[in-house]
Structures are given as structure tokens and as C-alpha cells.
Amino acid sequence: MRSDAMRNREALVTAAATVLADAGLDASVAEIAASAGVAKGTVFRHFATKEDLVAVVVARHVEGLAERAEELLSEQDPMEALSAFVAAGTELQARDRAFCQVAATAELTVPGLVERRERLEEIADLLARRARDAGQARSGLTGRDVIGLMTAAYQGACAAGDPERWPYFQKILLAGLRTIDEASPDA
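All figures in this text were calculated on a predicted structure; none of them were measured in a lab.

Chemist: Which parts of the structure should I look at to understand the overall build of the protein chain?
Modeler: Within the protein chain one finds 10 helices and zero strands. Order of helices (α) and strands (β) in the protein chain, N terminus to C terminus: α-α-α-α-α-α-α-α-α-α. Counting only C-alpha atoms, the protein chain reaches 60 × 35 × 25 Å along its principal axes. Each of the 187 residues in the protein chain was classed as buried or not, and the buried ones make up 41%. If you sum the accessible surface of the protein chain, you get close to 9700 Å²; carbon and sulfur atoms cover 51% of it. Across the protein chain, the 21 positively charged side chains and the 29 negatively charged ones have centroids separated by 5 Å.

So, in C-alpha cells, the structure goes:
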């Protein structure tokens, strides 16, 4: 690929990330092209469909979240690491409308994301296992649980009619991940 074509592609992906974060999946190709400073046809020279462009943007977000999770594996306190991971995923959904829209059903709507999500779940499972082994997290907690629950934190705030209240829902979620007396009525 020529250097100017590579620059255009990167400009498109960067612009798409910004536009999609603000407008969500309803953003038009024309809006993305205008934000990138290119013609609409340039988008289709690089991406066969808008969904292909969305897939690249979402995949980058998932990869970034996976990289953050890998960094957190070296955190000394396992529960702090798990909590920081949950916070990163919840905050990503809160600031990126398109990512939030595909988070719960990414495998169905974004081509090529299944493998990335599986990698993210594997790393989340390592974080959960560390917290379980330290006696800080519920005994059955898995990486898949963590991914689903952090999606639920932001979605719950939206369902309650106040998306800005996601930190409150995240706090409840994090409290629920912690080890509790399984025999208590609150379990």
C-alpha cells in the first residue's frame, strides 16, 4: 500500500473512532469521511462496507482493553487489578457510544471480533483467578462473568434512565465480585 493510502486509511480509522464514539452506529459514512478530510469514495476504497470500518475500530478498542488487562496482571493487589480492569471496560462503554452498542452482541455484529473477545476473556479469567486465589473474589467468578458484568454496569445505568450514573452501578458491581459469606442471605 502506498504511503498516502496508508495515511488515508489511518485517518479514516481515527476519524471513525471519534465520530462513532459520539454518534454511535448511526453515524454516516459521509460524516466519517468529512471528519477524516477525504471523499466518501475513499472510505469505500479502504473498507467494503461501513461495518468493516466499525469492525476495525471496535477491534482496536478490544485490543486496547486486552493490553490494559495484561498490564494489570503485574499489579500487586489482585482485587485492585480486577477492579481497575472492570473500570477500564465500563468507562470505555461510557465514553464510546458505538462500542457500547456492540459490546453485548459483538460476536454477532462485528466480523473477526470473536477471537479478540476470547483473548480478552482469557486475560480477564487470569485476573479473576488471581483475585479468587487471594480469597478476594467469589469462588466461581470467571473472565466471561467479568466481561458480561462490566457490560451490565453501563447498560444498567442506561436502562435506569441515567447513563451518567454508571460509576454508581460499577461500584455495586465491584462490591458484588468480592468474597462474601456464601451462607448469608445477601449472597
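Chemist: Just checking my understanding: could you explain the packing of aromatic side chains for this structure?
Modeler: Remark: the centre distance and the inter-plane angle together describe each pair of aromatic rings, the angle taken between the planes. Tallied over the full model, the rule gives one aromatic pair. On the basis of an interplanar angle of 90° and a centroid distance of 5.7 Å, the ring pair of Tyr168 and Phe169 is categorised as edge-to-face. Of the residues examined, Tyr168 reaches a relative accessible area of 41% and is grouped as partly exposed. Residue placement shows Arg165 over the ring face of Tyr168; its charged tip is 4.2 Å from the ring centre.

Chemist: Which parts of the structure should I look at to understand the environment of Glu80?
Modeler: Along the chain, Glu80 turns up in helix α5 (residues 78-95). Note on Glu80: relative accessible area 43%, which makes it partly exposed. Measuring from C-alpha to C-alpha, the distance between Glu80 and Gln136 comes to 9.7 Å, with 56 residues separating the pair along the chain.

Chemist: What exactly am I supposed to notice about the side chain of Gln93 here?
Modeler: With respect to the helices, strands and loops of the structure, Gln93 is situated in helix α5. According to the relative accessible area criterion, Gln93 is buried, its value standing at 2%. Residue contacts for Gln93: discarding those within four places in its chain leaves Phe99, Cys100, Ala103, Met150, Thr151, Tyr154 and Gln155.

Chemist: So what exactly am I meant to see when it comes to the nonpolar core here?
Modeler: The tendency in soluble globular proteins is for nonpolar side chains to be buried side by side. By size, the foremost hydrophobic cluster in this structure holds 50 residues, and its most contacted members are Leu82, Phe85 and Leu177. Within the residue set of this core, elements represented by two or more residues are α1 (3-23), α2 (29-36), α4 (50-72), α5, α6 (97-103), α8 (113-133), α9 (143-159) and α10 (166-177). The contact partners of Phe85, leaving out residues within four places of it in the chain, are Leu65, Ala69, Leu72, Leu120, Ala124, Leu127, Val146, Ile147 and Met150.

Chemist: Would you take a moment to explain the pattern of salt bridges for this structure?
Modeler: Opposite charge on two side chains allows them to pair when their charged atoms are near. Applying the stated criterion to the full structure yields seven salt bridges. Across the pair Arg60 and Glu10 runs a salt bridge, and its minimum N-O distance is 2.8 Å. Separated by 50 residues along the polypeptide, Arg60 in helix α4 and Glu10 in helix α1 bring together distant segments of the chain. Connected through shared salt-bridge partners, Arg117, Glu121 and Arg144 make up one network.

Chemist: I keep staring at α5 and nothing clicks. Help me out?
Modeler: Structurally, the α-helix is built with 3.6 residues per turn, so residues lying three or four positions apart point the same way. Taking 1.5 Å as the rise per residue, α5 with 18 residues should run 26 Å; its terminal C-alpha atoms sit 26 Å apart, in good agreement. Here α5 has its buried residues at Pro78, Met79, Ala81, Leu82, Ser83, Phe85, Val86, Ala87, Gly89, Thr90, Leu92 and Gln93. Check the buried side of α5 and you find it contacts α4, α6, α8, α9 and α10. Two to three positions downstream of the cap, the backbone nitrogen of Met79 sits 2.9 Å from a side-chain oxygen, assigning the N-cap of α5 to Asp77.

Chemist: Looking at this model, I keep getting lost on the environment of Leu12. Mind explaining?
Modeler: On the secondary structure map, Leu12 appears in helix α1. Separated by 25 residues in sequence, Leu12 and Gly37 place their C-alpha atoms 8.5 Å apart. In contact with Leu12, other than residues within four places in its own chain, are Ile32, Ala33, Ala36, Val38, Thr42, Val43, His46, Phe47 and Leu53.

Definitions and cut-offs
- Residues numbered from 1 in each chain as written.
- Predicted model: local features only at pLDDT ≥ 70, side-chain atom pairs only at ≥ 80, totals over all residues.
- Heavy atoms only, no water.
- Helix = DSSP H or I, 4+ residues; strand = E, 2+ residues; numbered from the N terminus.
- Buried < 20%, exposed > 50% of the residue type's maximum accessible area, 1.4 Å probe, protein only.
- Areas by Shrake-Rupley, 256 points an atom, 1.4 Å probe, with all protein chains shown as cover.
- Lys, Arg positive; Asp, Glu negative; His and termini not counted.
- Charge placed at Lys NZ, Arg CZ, Asp CG, Glu CD.
- Phe/Tyr/Trp six-rings, centres within 6.5 Å; stacked < 30°, edge-to-face > 60°.
- Lys NZ or Arg CZ within 6 Å of the ring centre and 35° of its normal.
- Contact = heavy atoms within 4.5 Å.
- Core = buried A, V, L, I, M, F, W, Y, C linked by side-chain atoms within 4.5 Å.
- Salt bridge = Lys/Arg side-chain N within 4 Å of Asp/Glu carboxyl O.
- Expected span 1.5 Å × (residues − 1).
- Polar contact = N/O pair within 3.5 Å; in protein donor to acceptor, adjacent residues only side chain to side chain.

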